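Survey of secondary and tertiary structure
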Amino acid sequence: MSKISLFFCAFCWLCLTACNLPTNQVGDTPSDTRLHAIKTGKHTKEDVTRLIGSPTSITLFEKETWLYIASKEQQRAFLPPEEIERNVDVITFNKDGVVEKIQELTLADGIEIPYDKDETETYGKDLSMWEEMIGNFGRFPANRGQSR
C-alpha cells in the first residue's frame, strides 16, 4: 500500500469519526426493575418515593399524577437541539394516595402542538437605548439614604 493510499484512508477515517454528534441526557427515569416493583392498588405515594425517588413533575388536574421524564437530544453545530429519544413514566394515584395506574410513554406517543406565532401588543412608551441609560438621572432626591 502506498503512502498516498494510507494517508487517504487515514484522512477518510478521521472525517467519518469526527461526525459523531454529541448526545445530551436531560432528566432521569427509574429503571424498569424498580418501576415494575410498584403494584397498582397496593403501593402509596410514600412507597413510590422510597422505591424510585421523587418525580420530575406532579400534575393535579383530575387525579394526582407523578411524571418521571427523561430525554436525549443531539445538536448539530448552531442548529437547535433535536430530541431523539424520550421516556415518560406516568404514575396516577387515587384520592386515597394509592397507585391506580402506571403508564410508560415514548417519543412516538407525543403529540405535536403548534405554537401560536401571534404577539400580544403591549402599550407604553418605547424607549431608545440612550433614553434607558440616562432616564434615571434626576429622578431620585439627592439626600436619599441619609438620615435626618
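Notes on the structure in this doc start here. (Residues numbered from 1 in each chain as written. Predicted model: local features only at pLDDT ≥ 70, side-chain atom pairs only at ≥ 80, totals over all residues. Heavy atoms only, no water.)

Pairs of aromatic rings are described using the distance from one ring centre to the other and the angle between the two planes. A complete count under the given rule lists 1 aromatic pair for this structure. Aromatic side chains Trp66 and Phe93 sit 4.8 Å apart centroid to centroid with 65 degrees between the ring planes, which places their arrangement in the edge-to-face category. Within this pair, whereas Trp66 is found in strand S3 (residues 65-74), its partner Phe93 is found in strand S4 (residues 82-93), the two being separated by 27 residues in sequence. Taking relative accessible area as the criterion, Phe93 reaches 1% and is therefore assigned buried. (Phe/Tyr/Trp six-rings, centres within 6.5 Å; stacked < 30°, edge-to-face > 60°. Helix = DSSP H or I, 4+ residues; strand = E, 2+ residues; numbered from the N terminus. Buried < 20%, exposed > 50% of the residue type's maximum accessible area, 1.4 Å probe, protein only.)

Let us now look at the environment of Pro30. With respect to the secondary-structure elements, Pro30 resides in the loop between strand S1 (23-27) and helix H2 (32-36). Placed 40 residues apart in sequence, Pro30 and Ala70 show a C-alpha to C-alpha distance of 9.5 Å.

For the rest of this paragraph, the subject is helix H3 (residues 45-52). Residues of H3 that are buried include every one of Asp47, Val48 and Ile52, and no others. One face of H3 carries all of its buried residues, which in axial projection span an arc of 100 degrees. Of the exposed residues in H3, the ones pointing more than 90 degrees away from its buried face are Glu46 and Arg50. Close packing links the buried residues of H3 with H2, S3, S4 and strand S5 (99-106). (Arc of directions from axis to C-beta. Contact = heavy atoms within 4.5 Å.)

A full pass over the atoms with the stated rule returns 4 salt bridges. Asp47 is paired through a salt bridge with Arg50; the nearest N and O atoms lie 3.0 Å apart. Here the residue Asp47 and the residue Arg50 both occupy positions in helix H3, the gap between them amounting to 3 residues, near one helical turn. A residue is classified by how much of its surface remains accessible, and Arg50, at 59% relative accessible area, is exposed. Residues Arg86 and Glu83 are paired through a salt bridge, measuring 2.7 Å at the closest nitrogen-oxygen approach. (Salt bridge = Lys/Arg side-chain N within 4 Å of Asp/Glu carboxyl O.)

Considered as a void within the structure, the largest pocket measures approximately 170 Å³ in volume. The residue makeup of the lining of the largest pocket, split by class, is 4 nonpolar, 1 polar and 2 charged. (1 Å grid on protein atoms, 1.4 Å probe; cavity = no way out; pocket = protein on both sides within 12 Å on 5 of 7 lines; lining within 4 Å. Points joined across faces, edges and corners; volume = space filled by probe spheres on them. Nonpolar A, V, L, I, M, F, W, Y, C, P; charged D, E, K, R; others polar.)

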